[in-house]
Amino acid sequence: MKANSPISANPENGLENKIMRLEKYEVIIVGGGHAGIEAALASARIGCRTLLLSMNLDTLGQMSCNPAVGGVAKGHLVKEIDALGGEMGKAADRCGVQFRRLNSGKGPAVRSSRAQCDRFLYQAYMKRVLENQFGLELRQGVATGILNSGGKVEGVRLMTGDEIFSDAVVLAPGTFLNGLLHIGMDSFSGGRMGDPPSVELAESIREMGFVTGRFKTGTCARLDARSIDFTGLKAQHGDEKPVPFSSDTEKFPEPQLPCYITYTNTKTHEVIRKNLDRSPLYSGKITGRSVRYCPSIEDKIVKFADRDHHHIFLEPEGRDTTEIYPNGISTSLPVDVQYEFIHTVEGLENARIMRPGYGIEHDYCDPTQLYPTLETRLVESLYFAGQINGTTGYEEAAGQGLVAGINAALRVKSREPFVLGRDRAYIGVMIDDLVTKGTDEPYRMFTSRSEYRLILREDNADLRLSQMGYDAGLLPQDRYERFGGKRDAIEKELKRLAETRITPSEDVNDALVALGTSPIHSGISLEELLRRPQIGYDDIPRLVPGWEKAPPDISEQAEIQIRYSGFLGRQEEEARKNRELEDFPLPENLDYDSIAALSTEIRNKLKRIRPRTLGQANSIPGVTPAAISALLIRCKRRK
């Protein structure tokens, strides 16, 4: 449908105001943050004519808080986004200034990648990718309402009164929904510092019947590196051989920049304690629930009163800026107090604040109002992604945005929905947690949230998800062929290790003893030897002269699969059994009140959440095994 010519309201020419009905799109994405970006790219790449609507096209992909991607469990999310065909991993690899693999000395299940990024380059990179994506249009505008009729979405209304129509809408407004900023006892409306909030959109969501709440997050002051004394501080350098987030990455930006570590002290804590009455968090001015796992410095001082110091990581915001992000001292205290406590810290005695820290409250919607596709239960073809679902973090938002964008596009194309199970991805764990359990605090991903940690490793994200990304239409052919080549190479290497045997000899047994393990007395395969904790893949040349080592990504996979084969087998069997529950459908019109074996509490939870499968019902807190059995019996009788 072509755009109508706008008719201006001019009393002299006698023409009336008319709403301009703009062109129709297949999918509209509202919000240009990390969720909105992945949703828009996914929708366009699947083949839908897509519009990304943002308040300000100059702030697409802005890293509003810390300039980093990844971290414990968050790195898993980024790897999964990349394996499915998303963009965050590529952006982090391209724009990183420091790369580290966390927990590298621990087991493979908890190893996580983290990249310190140049936030200005990251933003420019994402805008360039969006502008060059075929099938995607960008438009600056403020959405004030969702158009829907008969319980089905029809598009969005803009502040100007114009209406844009579409077959599906993904709402990814970040912290902008009814955003309220706090610095000390001063409060002002905003989605983040320098940007207005989405008040009318928040009201529109409530008018549609969605249950909403309030959460609080925040950020720390930015410091001028020229005013910091780094002399006595411990430098934290990146890895010599970084591990990329994306399988497309061949080289990293150089050189890597160091971060520095300093600490709060008793003087810092004393300054904060004596000013708690000026903290909006402790004066009662902030009512939203705070992030438990990323607390403000005020929270740390109060809740961990026995601690005499806390880490502060001084992280560069980019290569061409003097701004430093002092990770660990997020605060909403008044600016004068921020100066006072910062100046008690070693190295920061003369630090200048370039931007003050602040707290922000925003609306979110109860995520149990969503299906696992992230489509809302109240309005057909309307999807929510990111902080509107009660999460915190770039990576959590991007993962949801990717799934919402995929499903919006698949619905438009009349294709089967895209759902990730708990045994398939951390993204699946996150979404299942949200839609079946809800959240009463900002949700953050941890490896401990998954019962299948050993299966859901960072190193095998492509093996788990690339086929799904390709089937959905996101993974390009050349990338898919590379994935197939890697998968075949791993199988070939596993076969070679199983078939290569060594026999006892003086040289072999001397090498084994030197490696700290017992000698052999009969022939043994390399596969069997690799199950010994003292022997790694890189030790094989000492036992088999002339052994040609496989590339690192192939050998790592082979070694992990062999070493943890017993544990992996048990987890995969458990996942298979649970998948039978997960795949067993529950009728949407199931009358829970008629099932006498269900308690009133369980019955009410099932009626509110309306799980689609027994697996989802099993994930709801308080739903007992006996209740699952009762549901199974009822469904089988219906059949």
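Structure first, text after, so check above.
Nothing here was measured: the structure is a model prediction, and the numbers come from that model.

Draft legend 1. Expanded view of the layout of surface pockets. Estimated volume of the second largest pocket: approximately 1100 Å³. Looking at the second largest pocket, it is lined by 41 residues, and the ones nearest its centre are Val 243, Lys 486, Pro 552, Asp 553 and Glu 556. At eight residues, helix 16 (residues 552–563) tops the list of elements feeding residues into the lining of the second largest pocket. Classifying every residue of the lining of the second largest pocket gives 15 nonpolar, seven polar and 19 charged.

Draft legend 2. Broad picture of the packing of aromatic side chains. In total, this model carries seven aromatic pairs according to the counting rule given. Ring centres of Tyr 470 and Tyr 480 lie 3.7 Å apart, and the angle between their planes is 5 degrees; on these two criteria the pair is classed as stacked. Of the two residues, Tyr 470 sits in helix 11 (residues 461–472) while Tyr 480 sits in helix 12 (residues 477–499), which places them 10 residues apart along the sequence. Taking the relative accessible area as the measure of exposure, Tyr 470 reaches 27% and is therefore partly exposed.

Draft legend 3. Spatial organisation of the environment of Tyr 364. Mapping Tyr 364 onto the fold places it in strand 20 (residues 358–365). With a relative accessible area of 12%, Tyr 364 lands in the buried category. A C-alpha to C-alpha distance of 5.8 Å links Tyr 364 and Asn 389, two positions 25 residues apart in sequence. Setting aside chain neighbours within four positions, we find Tyr 364 in contact with Val 211, Thr 212, Gly 213, Arg 214, Phe 215, Gln 387, Ile 388, Asn 389, Gly 390 and Thr 439.

Draft legend 4. The arrangement of the environment of Glu 207 in detail. Within the secondary structure, Glu 207 is located in helix 5 (residues 199–207). When the C-alpha atoms of Glu 207 and Ser 296 are compared, they prove to be 33 Å apart, with 89 residues separating the residues in sequence.

Reading the values: rules and limits
- Residues numbered from 1 in each chain as written.
- Predicted model: local features only at pLDDT ≥ 70, side-chain atom pairs only at ≥ 80, totals over all residues.
- Heavy atoms only, no water.
- 1 Å grid on protein atoms, 1.4 Å probe; cavity = no way out; pocket = protein on both sides within 12 Å on 5 of 7 lines; lining within 4 Å.
- Points joined across faces, edges and corners; volume = space filled by probe spheres on them.
- Helix = DSSP H or I, 4+ residues; strand = E, 2+ residues; numbered from the N terminus.
- Nonpolar A, V, L, I, M, F, W, Y, C, P; charged D, E, K, R; others polar.
- Phe/Tyr/Trp six-rings, centres within 6.5 Å; stacked < 30°, edge-to-face > 60°.
- Buried < 20%, exposed > 50% of the residue type's maximum accessible area, 1.4 Å probe, protein only.
- Contact = heavy atoms within 4.5 Å.

Worth remembering: the numbers are spatial, not functional.
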